[in-house]
Amino acid sequence: MMIDLTHTLTTSTEAPMSIWPGHPTLEMTKVATIPEQNANVTLISLGSHTGTHIDAPNHFIADGLTVDKYDLTKLVGRALVVDVRGKKAREMITWEDMRKWEGQMHEGVIVLICTGWSQYWGKENYEEHPFMDLDAAKKLMETGVRVIGCDTLSPDNVCSPECKVHKVILGAGGMIAENLRGIEEVLALKDPFVSLLPLKLESCDGSPIRAIAWSAGDI
């Protein structure tokens, strides 16, 4: 079984997307159609952090790696779900909340933070998601983990402009996948793996991704 961890990119007003405040919105314009040009072609305009996407170190670290330079082998690997769905709006996720998974955290493991907040995608309260404590981010990096994913707009508090958790993870050479959906479904997988591969955008700080998860024995 393969699980799609990706929100649909859409311009629909009936099922709107959540976007980081101030970032570009998605636009899709037909520039060719089958009746007139014998083919459909769409012009797409979006930000590098639109929808389900991944942050490269260069997003906050001036000399950090961009998405086209990052080691792709680090973005496909064994998944570890940290289930913190009991957290309330704007509640901090501490290392104490994550400690019981510490023994499974090591280099090569991709940690997925499951808050259950993807259920609010497109709604006003999506921005009120739980967020990671700075100390928890530092301790997570000490385990050797370098790639994390979250089902929220950010691992940081949206109200905090410093984005200190980003800087700890990206500053350690890590990557952060944001706006994932369905992480709770990964809990049902035996020996789960995940892929968070970006587009090969030259010198870019982030990229939309098609995030998927599966059981090792299924593929």
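Scroll up a little and you will see the structure.
Before going into details, it helps to say that this report is about the structure given with it.

## What about the packing of aromatic side chains?
Turning to step 1, where the next piece is worked out: Enumeration over the complete set of coordinates arrives at three aromatic pairs.
Turning to step 2, where the next piece is worked out: The interplanar angle of 90° and the centroid separation of 5.3 Å between the aromatic rings of Trp121 and Tyr126 together place this pair among those described as edge-to-face. Taken individually, Trp121 and Tyr126 each receive the classification buried, so the pair is uniform in this respect.

## A few points about the pattern of salt bridges
Turning to step 1, where the next piece is worked out: Considering all chains together, one arrives at eight salt bridges under this definition.
Turning to step 2, where the next piece is worked out: Here Lys87 makes a salt bridge to Glu91, at a shortest N to O gap of 3.5 Å.
Turning to step 3, where the next piece is worked out: Lys87 gets classed as buried once you look at its relative accessible area, which sits at 13%.
Turning to step 4, where the next piece is worked out: For Glu91, a relative accessible area of 29% gives the class partly exposed.
Turning to step 5, where the next piece is worked out: A salt bridge links Arg99 to Glu96; the nearest nitrogen and oxygen atoms lie 2.7 Å apart.
Turning to step 6, where the next piece is worked out: Classification of Arg99 as partly exposed rests on a relative accessible area of 38%.
Turning to step 7, where the next piece is worked out: Several salt bridges converge on common partners, so that one network encompasses Lys87, Glu91 and Asp97.

## Some thoughts on the sheet that holds strand β9 (residues 147-150)
Two pairing modes exist for strands in a sheet, parallel and antiparallel, and in both the strands are linked by backbone hydrogen bonds.
Turning to step 1, where the next piece is worked out: Spatial strand order, β1-β13-β11-β5-β7-β9-β10-β4-β12: nine strands in an open sheet with mixed pairing. With partners counted over all chains shown, the strands left at the sheet margins are β1 (2-4) and β12 (206-208), one partner each. Across this sheet, the average inter-strand angle for adjacent strands is 25°, counted without regard to direction.

## Things to note about helix α3 (residues 134-142)
Turning to step 1, where the next piece is worked out: Every buried residue belonging to α3 is among Ala136, Ala137, Leu140 and Met141, and all of these are buried. On an axial view of α3, the arc spanned by its buried residues comes to 135°, and they lie on one face.
Turning to step 2, where the next piece is worked out: Along its buried surface, α3 packs onto β6 (92-93), α2 (95-98), β7 (110-114), β8 (131-132), β9 and α4 (164-171).
Turning to step 3, where the next piece is worked out: Where α3 ends, the next residue or the one after it, Gly144, has phi of about 105°, a positive value.

## What about the side chain of Thr6?
Turning to step 1, where the next piece is worked out: Structurally, Thr6 can be placed in the loop between β1 and β2 (27-32).
Turning to step 2, where the next piece is worked out: Polar side-chain contacts of Thr6 include one of 3.0 Å to the side chain of Asp4.
Turning to step 3, where the next piece is worked out: If near-sequence neighbours (up to four positions away) are discounted, Thr6 is found in contact with Thr52, Arg181, Ile209, Arg210 and Ala211.

## Here's the deal with the nonpolar core
Turning to step 1, where the next piece is worked out: Counting 25 residues, the largest nonpolar core has Leu5, Leu180 and Leu196 as the members making the most contacts within it.
Turning to step 2, where the next piece is worked out: Broken down by secondary-structure element, the contributors of at least two residues to this core are β5 (76-83), β7, β10 (175-178) and α5 (183-186).
Turning to step 3, where the next piece is worked out: Counting 24 residues, the second-largest nonpolar core is a separate cluster that includes Leu80, Val82, Met98 and Ile113.

What counts, and at which threshold
- Residues numbered from 1 in each chain as written.
- Predicted model: local features only at pLDDT ≥ 70, side-chain atom pairs only at ≥ 80, totals over all residues.
- Heavy atoms only, no water.
- Phe/Tyr/Trp six-rings, centres within 6.5 Å; stacked < 30°, edge-to-face > 60°.
- Buried < 20%, exposed > 50% of the residue type's maximum accessible area, 1.4 Å probe, protein only.
- Salt bridge = Lys/Arg side-chain N within 4 Å of Asp/Glu carboxyl O.
- Pairing = 2+ DSSP bridges.
- Helix = DSSP H or I, 4+ residues; strand = E, 2+ residues; numbered from the N terminus.
- Axes fitted to C-alpha atoms, helices over the stretch in contact; angles between N-to-C directions.
- Arc of directions from axis to C-beta.
- Contact = heavy atoms within 4.5 Å.
- Polar contact = N/O pair within 3.5 Å; in protein donor to acceptor, adjacent residues only side chain to side chain.
- Core = buried A, V, L, I, M, F, W, Y, C linked by side-chain atoms within 4.5 Å.

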